[in-house]
Structures are given as structure tokens and as C-alpha cells.
Amino acid sequence: MSRYAMLPSILIQTVLLTATAVGQMYVRISDEVTIPGCDGRLEPVATMYGQRDRIRCDWMPAGFDFAAYAWHNQPAPEGGTLYPLAIANPAIINSAGRIAFMSQVTGLERNQGIFVADESGLTPIVIGCGGGGGSGDPGSGVGDPSPLGGTFTGFFVGTVFAPPINDNGDVLFFADVDGGSAPRGLFLYQADSGQIISVAAVGDPSPLGGTLTEIGPGSMNNNDEIVFIAKNSGTGNVNILKWTAGAITKHVAVGDPAPGGGTFSILAGESLGYVDGTRIPIGDVPGINDAGQVSFFSVIQGGPGGRGLFVTTDDVHEAYVRNGETTPAGGTFFDFQAPLLNNPGQIAFFADVSLGGGQYNSGWFVGTPGNWRKALAFYDEIAGGEVCMQAISRNPIQPLDNCGNLLAFCAVRYTDNTELDTLIISPSEGGPIVLAQEGDANVLGGEVGGMNGWHAMNNSWQGLLSCYTPGTPGGIYNAHFVFTGWGPGDLNGDGCVDQADLGTLLADWGCTGGDCPGDCDGDGDTDQADLGLLLAHWGEGC
């Protein structure tokens, strides 16, 4: 199931959800597109479910609380009501538990924006108007002022335009501009000042020479370092650029030498066309962690050829995994989607697997070179059924925490051919934990319905569930829910953060090297950060 078989569907601006035959496995690649999946099975992988050899990074099967942070028909701060389409527009969460998302607003001329929300309520960070991103309809100019001059108009819907929010509360977003020096750009909202600055805009000078003719989405870390994709004038190649403190530099470009020989030939092969005649490169978007490491996909020309996933450390590119290499569950890697990167340098990625004899499977894998684990694949047994649908990996949506736990969406098929959308955690050690399934009660008074395929997770044991909400009173058709699980600070795994855990942490104080019983945040040592995390969660679960 090569990525190139996907491109004709991706390039269509509006594609209806593909019908699938009974019994078919299928992959969700965007909000509106699925393609047929695999026809073979990966080997079962032995788990350590029930064992707690690495308690500090384990998720417990019970103790998750859900809260609604944003929902359809919610009153908006300026009036009107939210129209978030949570099923199609993912939110992203930071480690303070604040989420960022795009929503339309009904009943106002200022009819769309980027919002943040937490337990205290809902806040708009930028508001626009008109027909939406790429519509060619700028509205009446009542949007917020843009740093390019003019006003913000349309924001973009869909998975690839989810706005990342870092732990400082800064938000990266993509928008059209009316009456400015450029019609479109990538912008950064700075929470400490409340100001919005331009990261890159169509027509800006390129560090490769010429200008940026098309700008795409990007990822951001807690140091406000941003990596994004953009097309360059002259060659028309889509390259990966980096923004730091107002300066744009090249991270990697088509034609650069690849590790092991050959050159990088394709770094981002997906694009979308819009009604206004423009195009936007949408993937594969790179990832970036707090150490400044960058993860990316590429096709290689010459040398070993093929395709692979790469991580850059101190300006040196390393091949983490290439097609043809053996997977931990049998077969060999065949093709890859975007690698998601956590602070310890692990990646999570969706990959196609060749099983030989013309059979393939697809699934999620997590780890580092030589230390991969299968997190989820077709035919895996989940909640009494088998996995029949998955969603591919897409930056900047980060479902991988610093412990290597992965938040994953799938659909589970039962013997009567019923299929239920399901949200699970695949822990770094142990079997899958089901967080929510279609038909469960939701905290707003209805049910959990069909789910968004992409959900983010932070490093404070919180994550998102975005879904339809059938039967919910008040005209609430969909919502973004945040779940919180007992875990940070619970070093002995008894579900309670208390004196016993503090004793474990203090007895382990100063430990380094990655095997530290007092390590609450999963960074490999026991220090002041772990004490702060434990105290912040004191009493939880008790």
C-alpha cells in the first residue's frame, strides 16, 4: 500500500469518505479519505500486561476522568456559538492541559478563529472572517489585524492544519490574509505578550535563494523552534525549513546528501488544491523536540535508494529505519508515514509492512534504531474484536509521550460485522488500554460517537478525545474532551500519589542513566522536575 497509491485521493480538494466492503481493512489518511488496507496478519507480540517493571512510565487500566473543554453550540466569547467540527478538526494539548483548535463561529460576521481552552474556559487568540482558508472569499475585513498588514480572513480546516500549542501557551497556526503584504502565511501567537508574529509568508525570501512560493504547516517545540515545509521558487521542490528567533534557515533540502549514500529526493509529496487556485504542501510535516532534534520522512535517490525515516541531531542526519528492514512482528518495512518525535529521541510512525507472498499489513511502531515495538496493527485483538481501521501518523499532532506510551485511534470489528471507533493507549510496556469506545456515555449527557482519527497526548498523563456526541442535550453534536489519568507521581502503581511515592523519589534522588525508580517525567533521571511533578499531582487517586 504505497504512499503513491494514496496521492490521487489526497490531491482532490474535497473527497467523500470512501465506501468499504464488509470485512475490508482500511486506513484513514485524512478527515475525508480512506483507502483499502492490508490482507495479511503480523505475528502476535508478547506483552507484559499486568507486570510493572517500569512503573514510572506505565498507564493504569483504571482511573481516567474525562472533561469537556470545547463543544458544538458552546457560547463563543464574542457572541455566537462554536461550530468546531471536532470529528474533522483535531485539537492539540500542552502539558498544562490547555488545548488549541480551529473552529467556525455561527451567528457572527467574525465567523472563525483559533481558540484555546482549559478547565477555566474558552479564549480566542485570533479571529477571522469570510469563506474559510483557500475559499477566495475574504469577507468584509472585520478579522483581527495581521502582522503582514491587512486582516486575518480564512483559517484552514482538517487534520493537517491542527494548531500546535507548546507548554508556554504559544500557538502556531496557518491562515489567509486580506490586504496584507502576502496572502497567506504561518503565524505564531506568543502567549506572554499576546502578540502574533509572522513565521513565514508566501513570497518571503528563501534561505535557498529565490522566494517561498508555497508555505505548508509546521511543528513547534517548547523553545519556539519551528520546522515547516515550503516550496521554493526555481526548482519547485518542497523542502524542510527551520525558524528560530525570527530567522529562517534550511534544515534539509531535496538534493542534499543522505546518510549511507544517495540524496534526499522527496521530503513532502502531498499537497492540496483550493478553490482560489492556490496549492498548499501538506505533508509529510517534520517533527521537532525540545532538544532541537528533527524527525522527517524522505525518499532516497541513488546510494541505497528506497525510503526511510530520519532524525537530525546537531545537524547530523541519522537513518532511524529504512524500507526492507525487519519489523519486530515479522515481515519487513515497506513504506512509512511521518515520524513523530518525543524528547528522549523515540519516534512513533505508521508503516506498511510486507509479509511476503504478496501480503501486507500496516500498523504503528515506536522506538529507536534496533529497539522497535509494534504498538498497533490490523487484526490485533482489542476489546473483544479485531482492528479493522487505523489512522496514519501526522505531525504536528503528537500522541507519543516521553515514556513511549502511544495514544491511538482504531475501529474494532466484531463477529456480527459491527464496527466501533475506539481510542486506546498502547503503553511502553503492557497490553492495550481502552480509554473510550463508540457508544460509551459522555460527560455531557449523551454518547461517544464516531471519532476523529487523530488525538494528541501530553506528558502530564492527559490526552484528547474528539468525536461526535449523539443524544447529547443542548444541540451539542460534537466535542473535544480531555482525559486525565492517574500516573504522574504514582511511583508504586497503587493509584494514589502520596507519602509512599515521595519516599521512593527522595530515596532515588540524583539517579541518572535511565533506570531510576523516582523518575516521574520519563527523562531518565530523578531531580527537581520529578519532585515538582509529584507535588503537582499530590493526592490524586487517593
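Everything that follows concerns the structure shown earlier in this document.
Model, not experiment: these values are computed from the prediction. (Residues numbered from 1 in each chain as written. Predicted model: local features only at pLDDT ≥ 70, side-chain atom pairs only at ≥ 80, totals over all residues. Heavy atoms only, no water.)

Novice: I would appreciate a short explanation of the environment of G302 in the present structure.
Specialist: Tracing the chain through its elements places G302 in the loop between β21 (294-301) and β22 (307-313). Under the relative-accessibility criterion, G302 is labelled partly exposed at 39%. Expressed as a C-alpha distance, the spacing of G302 and G262, which sit 40 residues apart in the sequence, is 4.2 Å. Residue contacts for G302: discarding those within four places in its chain leaves G261 and G262. (Helix = DSSP H or I, 4+ residues; strand = E, 2+ residues; numbered from the N terminus. Buried < 20%, exposed > 50% of the residue type's maximum accessible area, 1.4 Å probe, protein only. Contact = heavy atoms within 4.5 Å.)

Novice: Even after reading the chapter, I still don't get empty space enclosed by the protein, so can you show me in this structure?
Specialist: Once rolled over the atoms, a probe with the size of a water molecule shows which space is left empty. As enumerated under the stated definition, the model contains 6 cavities of 30 Å³ or more in all. Its volume calculated, the largest cavity comes out at about 450 Å³. As for the largest cavity, its lining consists of 30 residues, of which I165, M220, N221, I288 and Q398 are closest to the centre. Counting only elements with at least two residues in the lining of the largest cavity, the list comes to β5 (92-93), β13 (212-220) and β20 (287-288). For the lining of the largest cavity, the residue count by class is 12 nonpolar, 15 polar and 3 charged. One number sums up the size of the second largest cavity: a volume of about 100 Å³. Looking at the second largest cavity, it is lined by 14 residues, and the ones nearest its centre are W364, L407, G453, W454 and H455. (1 Å grid on protein atoms, 1.4 Å probe; cavity = no way out; pocket = protein on both sides within 12 Å on 5 of 7 lines; lining within 4 Å. Points joined across faces, edges and corners; volume = space filled by probe spheres on them. Nonpolar A, V, L, I, M, F, W, Y, C, P; charged D, E, K, R; others polar.)

Novice: Could you clarify how one ought to interpret the pattern of salt bridges in this entry?
Specialist: It is possible for side chains bearing opposite charge to pair when their charged atoms get close. On inspection of all chains with the given rule, the structure shows 13 salt bridges. Note that D276 and R184 form a salt bridge whose closest N and O atoms lie 3.2 Å from each other. On the criterion of sequence distance, the pair formed by D276 in the loop between β18 (270-273) and β19 (279-283) and R184 in strand β11 (residues 184-190) is long-range, its members being 92 residues apart. The exposure class of R184 is buried, given its relative accessible area of 5%. In this structure, the salt-bridge partner of E270 is R394, at a minimum N-O distance of 2.8 Å. Within this pair, whereas E270 is found in strand β18, its partner R394 is found in the loop between β30 (385-391) and β31 (406-413), the two being separated by 124 residues in sequence. R394 matches E270 in its accessibility class, with the two residues each being buried. Linked through salt bridges whose partners overlap, the residues forming this network are E78, R110 and D144. (Salt bridge = Lys/Arg side-chain N within 4 Å of Asp/Glu carboxyl O.)

Novice: Would you mind going over the packing of aromatic side chains with me for this structure?
Specialist: Each aromatic ring pair is specified by the distance between its two centres and by the angle formed by the two planes. Under the criterion given, the structure shown has 23 aromatic pairs. Judged by centre distance (5.5 Å) and plane angle (70°), the ring pair of F264 and F296 falls under edge-to-face. Linking F264 in strand β17 (residues 263-266) with F296 in strand β21, this pair joins segments that are 32 residues apart in sequence. On the basis of relative accessibility, which here comes to 0%, the residue F264 falls in the buried class. Summarising the aromatic geometry, the rings of F349 and W372 are spaced 5.4 Å apart at their centres and angled 90° between planes, so their arrangement reads as edge-to-face. A residue pair is termed long-range when its members are at least 10 positions apart, and F349 in strand β26 (residues 347-356) and W372 in strand β28 (residues 371-377) qualify at 23 residues. Among the residues examined, F349 registers a relative accessible area of 0% and is labelled buried. For W372, a relative accessible area of 14% puts it in the buried group. Ring pairing ties together the aromatic residues Y320, F333, F336, F349, F365 and W372, which thus form one cluster. (Phe/Tyr/Trp six-rings, centres within 6.5 Å; stacked < 30°, edge-to-face > 60°.)

Novice: What is the right way to read the sheet that holds strand β10 (residues 171-178) from this model?
Specialist: Through backbone hydrogen bonds, the strands of a sheet pair up, either in parallel or in antiparallel fashion. Overall, antiparallel pairing links the 4 strands, which are arranged β9-β10-β11-β12 in an open sheet. Each end of this open sheet is capped by a strand with a single partner; those strands are β9 (151-155) and β12 (195-201). Mean inter-strand twist for the sheet, computed between neighbouring axes without regard to direction, equals 50°. Relative to β12, β11 runs antiparallel, the two being bridged by 6 bridges. Each residue of the ladder has a partner; that of Q190, found in β12, is Q195. (Pairing = 2+ DSSP bridges. Axes fitted to C-alpha atoms, helices over the stretch in contact; angles between N-to-C directions.)

Novice: Is there a simple way to explain the pairing of β31 in this structure?
Specialist: Along any regular strand, the residues point their side chains to alternate faces of the sheet. Where burial is concerned, most of β31 is hidden: 8 out of the 8 residues are buried. Every second residue of β31 is oriented toward a common face, with L406, A408, C410 and V412 on one face and L407, F409, A411 and R413 on the other, all of them buried. The pairing of β30 with β31 spans 4 bridges and is antiparallel. Along β31, the bridge assignment pairs V387 with V412. Pairing geometry for β31 and strand β32 (residues 419-426), over 8 bridges, is antiparallel. Across the sheet, residue A411 finds its bridge partner in β32, namely D421. The hairpin formed by β31 and β32 contains 5 residues between the paired strands, and N417 there has a positive phi angle of roughly 70°.

Novice: Looking at this structure, how should I read the environment of G303?
Specialist: Secondary-structure assignment places G303 in the loop between β21 and β22. The spacing of G303 and G260 is 43 residues in sequence and 7.0 Å in space, taken between C-alpha atoms. Excluding its chain neighbours within four sequence positions, the residues that come into contact with G303 are G261 and G262.

Novice: Teacher, can you tell me more about the state of the cysteines here?
Specialist: Any covalent bond linking the sulfur atoms of two cysteines counts as a disulfide. Going through the model one piece at a time under the given rule, you end up with 1 disulfide. A disulfide bridge connects C511 with C516, and the sulfur atoms are separated by 2.2 Å. Handedness here is read from the sign of the S-S torsion; for C511 and C516, about -80°, the answer is left-handed. Using a relative accessible area of 0% as the deciding quantity, one classes C516 as buried. (Disulfide = S-S within 2.5 Å.)

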